[in-house]
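Remarks on the overall topology
Listed here are the chains, written in short residue letters.
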Amino acid sequence: MAAALPLAVIAAMAGLPGTANALSTDVVISGVYGGGGNSGAVFKNDYIELANLSDNPVSVAGWSVQYASAAGVVFQTTALSGSIPAHGKYLVQQAQGAGGTVALPTPDATGTIPMSGTSGVVALSTSTVPLAGCGTACSTAPNVKDLIGYGATANVETLAAPGLSNTTADARSGAMIDTDNNAADFSSGVPKATNTAGTTVSAGDDPGDPGDPTPGPIRIHDIQGAGRISPIVGQNVTNVPGIVTAVRVTGSARGYWIQDPTVDADPLTSEGVFVFTGTTTPAVAIGDSVVASGRITEFRPATGSQSLTEIGGTVKTIKVSGGNALPTPVPVAFPDAYTKTGSLEAQPLEPNSYVLDWLEVHEGMRVTVAQDTRLVSPVNTEFAELWVTLKPNQNPTPRGGTVYKSYDDQNSGRLMILALNGAPAANVGSTLAAGTAGVVDYQSFGGYVVLATQLGTITEGGLKKQKVLPPKKAGDLSVATYNVENLAFTNPASKFAKLAQAVVTNLGSPDILALEEIQDNNGATNDGTVVADQTIAKFVAAIQAAGGPAYDSRSINPNNGTDGGEPGGNIRQVFLFNPARTTFVDRPGGDANTAVSVVRARPTSNQVSLSVSPGRIDPGSDAWGSSRKPLVGEFLFDGNKQLFVVANHFNSKGGDYPLSAAVQPPVRTSEVQRQKQATEVNEFIQDLSVKSAGRARAIVLGDLNDYQFSPSIQTLTGNGTVLKTLIDTLPADQRYSYVFDGNSQVLDHIAISPAIKGYSYGIVHINAEFSDQASDHDPQIVRILTGCDTDPLPTRCLPGSPVVDQ
């Protein structure tokens, strides 16, 4: 399966001469052809095709395409103008020869360069100045956006693309991802050109002749081979036979799956494969017998992921017959272990030992879930996605999920299902009846997935949303944290009402509420707005309308575009507090750039305060680059007792490799920054503890974006010596606040300083396990119990008192 090259190979190529300085993530050269008008050519002209891989139009005004011969040092230029639409093409027509019978689509730019039909160099430059003096290293020259050297030339990105002929062009493979290796990125095939209007003309098109349906010599198991990467990747195949088992007709990765009903003798070779048609809707139906022609590619949908073997390039499909019986699906039967370690692509497949290997040898094939299974995620009705477990006794939660306990236990029974015909809403713990059938795919979200053409019946399990129990004494102070998932003033009133109802009904109107992901007043509109007073006021009003208190608030507006999250949203943490229950101690001077510190009342005093309140912890530190800075506030409660609260939202796990990564264990790149952030907060709490002689009551809470067993949390708490993480006081099967890829896991935390003696704590499960969500996070709450400052502690102050109904 896969896309470009194994990660190890790409890494090894990083040291080779001719590798470009940076990979192009928007505009790339997508095709070159130099045989136009030559003997045997169909097209009259040479051409250069560009592609925009991004979600936005890109202007190419002032840019140029440039051409040099294979050994040449002189580049000829063609100036570009206009723009390339998002995920669109741009066609540059070049010199016309004496032959050929078919004109290109209307070009977007026209030049007169006579390109070689065998070997040459094409560069895309953000300038019209001809390249000069770059020798055979023009890919790294100033202004060069992309470069392809084809045939017998040394002026390349890493290695040369295939040489051309009068009847073949080079086209960028698969999803057109740029790896700065021309040999890996391009394959030769039938010339096919597309302009910005989306008009495509192929030198192989002949509408009057459907072609010869005789199967070619290559079968699907030859394409898949006995490993993860196709043994014939980059080669063209003709008339590969199969029965259409599923069709994808939406998005930019359309296509269909075929399976050969004739199975070979090798259990390691899959008999199914995906035929990629890009944005073109395939004209096939399930049950059609077809032969497919194209180029074998390996598509890697995300950084670090495994890859999917495809028939791509210039695809030609010939229908032989329709209404055929589908191949019998294989029952899904997972072995005990999830994966081996190391580079999976470099190791033999062992489907009887490892789940990821079992899925790989069935890639593209029809499978069936032949047993009743339990949902371990809610159904995402927008995308018709759900996760089930095939191993019901594997790390179950009391509410029906599967808890993620360590990096070494990925929960090997999890299986993702995407229902191609939709799925009804259902919650964790519901039952999916036996009978789901579909093909095994691999995608960026979730990794391996069964694309279900038939979904078993789902029976709701009756899961209930939890509520906080009433306090036992009026002096108990409740403090909660809640990630409200990009709440903006521009959101519909229904979102505010749903969140507010949860605050009042499920959280019991906590005295202090630390919110994460409050956006500025115009949400994702990126116009420099940073204030969020309207967003906060709208939420406070919604809470009052739901029967809650008249909360007051404190927050600090971030600098524009510096704290990460949705572009334009300027998310931040916010304190809501009930002034009838607690007092916020305001100390002026706190802003986006001022660091809060702990101040002694006198040099030898143990009485401490904040230099500013609210304030931010060391906002100039690189630990907080493109991430939220902690918000610190000083409160008084229960007869002027002092409480310091630190609301956090550490950087996300974006960039980490998936659990199904091609190299195991997966790389967790985002952990580096969270370690720095944890160190900053730990040092602040240590300073508070030292200056107060250990008497300061402190709560550190929020969306820390990491597991209770992670190095980041151990750093934050000083391995339990500086702070106590309350998630660890719960039974192991109840430690979760979020559900991702079918794992019930921890991202949100509340930690307390040793000065807080009596407390009760719980996670309030109202979102993560349910299809109907106000947020994707579950809130959690701690009560500081009054009268718990004596030694020994009264019985009611001992940990273990439930705060949440079960």
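Throughout what follows, the structure given in this document is the object of discussion. Position numbers for residues start from 1 in each chain and track the written sequence from start to end. This being a predicted model, a pLDDT of at least 70 is required before a residue's local features are given, and a value of 80 or more before pairs of side-chain atoms are given or counted; all residues contribute to the totals for chains, interfaces and linings. The side-chain quantities take in all heavy atoms of the structure and omit both hydrogens and water.

1. What to know about the side chain of asparagine 182
Strands here mean DSSP runs of E at least two residues long; helices mean DSSP runs of H or I at least four residues long; both are numbered from the N terminus. Structurally, asparagine 182 can be placed in helix α2 (residues 182-185). Three exposure classes are used, based on accessible area relative to the maximum for each residue type with a 1.4 Å probe and protein chains only: buried under 20%, partly exposed in between, and exposed over 50%. On the basis of relative accessible area, asparagine 182 is assigned to the buried category, the value being 0%. Nitrogen and oxygen atoms within 3.5 Å of one another constitute a polar contact, given that in protein one can donate a hydrogen and the other can accept it, and given that sequence-neighbouring residues count only through two side-chain atoms. A distance of 2.9 Å separates the side chain of asparagine 182 from the backbone nitrogen of glycine 149, its partner in a polar contact. Residues in contact with asparagine 182, not counting those within four places in the same chain, are Leu147, Ile148, Gly149, Val156, Glu157, Leu159, Ala160 and Ala161. Residue contacts are counted whenever heavy atoms from the two residues lie within 4.5 Å of one another.

2. Description of the nonpolar core
Phe334, Leu386, Leu415 and Ile417 are the most contacted members of the largest nonpolar core, which has 40 residues in total. Put simply, the parts of the chain that give this core at least two residues each are β17 (272-278), α4 (355-361), β22 (366-369), β24 (385-389), β25 (414-419), β27 (436-443) and β28 (447-454). Leucine 386 has contacts with Leu375, Ser377, Pro378, Val379, Leu415, Met416, Ile417, Ala423, Leu432 and Ile458, leaving out every residue within four places of it along the chain. Residues belong to a common nonpolar core when they are buried Ala, Val, Leu, Ile, Met, Phe, Trp, Tyr or Cys residues joined through side-chain atoms within 4.5 Å. Core analysis: the second largest hydrophobic core is formed by 30 residues, Leu507, Tyr551, Ala774 and Val803 among them.

3. Structural notes on the state of the cysteines
Only a pair of cysteine sulfur atoms within 2.5 Å qualifies as a disulfide here. Considering all chains together, one arrives at 2 disulfides under this definition. One disulfide bridge connects cysteine 134 with cysteine 138, the sulfur atoms lying 2.0 Å from each other. Residues cysteine 134 and cysteine 138 share a disulfide whose torsion about the S-S bond is about 75°; that sign makes it right-handed. Residue classification places cysteine 138 among the buried residues on the basis of a relative accessible area of 0%. With its sulfur 1.8 Å from that of its partner, cysteine 788 forms a disulfide with cysteine 797. Taking the sign of the S-S torsion, about -80° here, the bridge from cysteine 788 to cysteine 797 comes out left-handed. Here the two residues cysteine 788 and cysteine 797 agree in accessibility, since each one is buried. Here the disulfide map of the protein chain reads 1-2, 3-4, the bonded cysteines being numbered as they appear in the sequence.

4. What about the sheet that holds strand β32 (residues 552-555)?
Strands pair, by our definition, only if DSSP identifies at least two bridges between them. Spatially, the 6 strands line up as an open sheet ordered β32-β33-β31-β30-β47-β46, and their pairing is mixed. If you trace the sheet from one side to the other, it starts and ends with β32 and β46 (759-763), each paired once. Strand-to-strand twist of the sheet, defined as the mean angle between neighbouring strand axes without regard to direction, takes the value 20°. Bridge count for β46 against strand β47 (residues 780-784) is 5 bridges, and the pairing is antiparallel. Directly across from glycine 762, in β47, lies its bridge partner isoleucine 781. Sitting on the sheet, helix α5 (residues 493-506) touches β30 (477-487) and β31 (512-518), and the angle it makes with β30 is about 165°. Lines fitted to the C-alpha atoms define the axes, with helices restricted to the stretch that makes contact. Angles between their N-to-C directions range from 0 to 180 degrees. Packing against the sheet, helix α6 (residues 533-545) makes contact with β30, β31, β32 and β33 (572-577), and its axis sits at approximately 40° to β33.

5. Focus on empty space enclosed by the protein
With a 1 Å grid laid over protein atoms only, a set of points is called a cavity when a 1.4 Å probe fits there but cannot get out and a pocket when it is open yet has protein on both sides within 12 Å along at least five of seven lines; lining residues have an atom within 4 Å of a point. Grid points are joined across faces, edges and corners, and a volume is the space filled by probe spheres set on the points. Inspection of every chain in the model, using the stated rule, returns 3 cavities of 30 Å³ or more. Its volume calculated, the largest cavity comes out at about 130 Å³. Lining of the largest cavity is provided by 14 residues; of these, Tyr338, Trp387, Arg414, Gly446 and Tyr448 occupy positions nearest its centre. Of all the secondary-structure elements, those providing two or more residues to the lining of the largest cavity are α4 and β25. For this scheme, ten residues count as nonpolar: Ala, Val, Leu, Ile, Met, Phe, Trp, Tyr, Cys and Pro. Four count as charged, namely Asp, Glu, Lys and Arg, and the remainder, Gly too, count as polar. Looking at the lining of the largest cavity residue by residue, the classes come out as 10 nonpolar, 2 polar and 2 charged. Volume-wise, the second largest cavity comes out at about 70 Å³.

6. Some words on the pairing of β47
Most of β47 sits inside the fold, with 5 of its 5 residues counted as buried. Residues Gln780, Val782 and Ile784 point to one face of β47 and Ile781 and Arg783 to the other, with burial holding for every one of them. Sheet topology places β30 next to β47; 5 bridges connect them, and they run antiparallel. The partner of threonine 481 across the bridge, within β47, is glutamine 780.

7. A word on α5
Working rule for helices: expected span equals 1.5 Å times residues minus one. Compared with the 20 Å implied by 1.5 Å per residue over 14 residues, the 19 Å span of α5 between its first and last C-alpha is a close match. Within the sequence span of α5, burial applies to Lys495, Phe496, Leu499, Ala500, Ala502, Val503, Val504 and Asn506. Of the surrounding elements, those touching the buried residues of α5 are β30, β31 and α6. Of the residues one or two after α5, glycine 508 is the one with positive phi, at around 70°.

8. Considering the packing of α5 against α6
Two elements in contact, α5 and α6, have axes whose closest approach is 8 Å; the angle formed by their N-to-C orientations is 55°. Here α5 is positioned oblique relative to α6, judged by the angle of their axes. Viewed along their axes, α5 and α6 form a crossing whose handedness is right-handed. The residues of α6 that touch α5, namely those facing Phe496, Leu499, Ala500, Val503 and Val504, are Thr535, Lys538, Phe539, Ala542 and Ile543. Of the residues that constitute the contact of α5 with α6, the class distribution is 8 nonpolar, 1 polar and 1 charged. Note that the term roughly parallel is reserved for angles under 35 degrees, roughly antiparallel for angles over 145, roughly perpendicular for angles of 65 to 115, and oblique for everything else. Each crossing gets its hand from how the near helix is turned against the far one by less than a right angle, where anticlockwise is left-handed and clockwise is right-handed.

9. Some details on the pattern of salt bridges
What makes a salt bridge here is a side-chain nitrogen of Lys or Arg within 4 Å of a carboxyl oxygen of Asp or Glu, nothing more. Scanning all chains against the criterion turns up 29 salt bridges. Where lysine 145 meets aspartate 26, a salt bridge forms, and the shortest distance between an N and an O atom there is 2.8 Å. Of this pair, lysine 145 sits in strand β10 (residues 144-150) while aspartate 26 sits in the loop between α1 (7-13) and β1 (27-33), and the two are 119 residues apart along the sequence. One salt bridge in this structure joins lysine 498 and aspartate 772, with 2.6 Å as the shortest N-O distance. Here lysine 498, found in helix α5, pairs with aspartate 772, found in the loop between β46 and β47; they are 274 residues apart in sequence, far enough to count as distant. Classification of lysine 498 as partly exposed rests on a relative accessible area of 34%. Judged by its relative accessible area of 44%, aspartate 772 falls in the partly exposed class.

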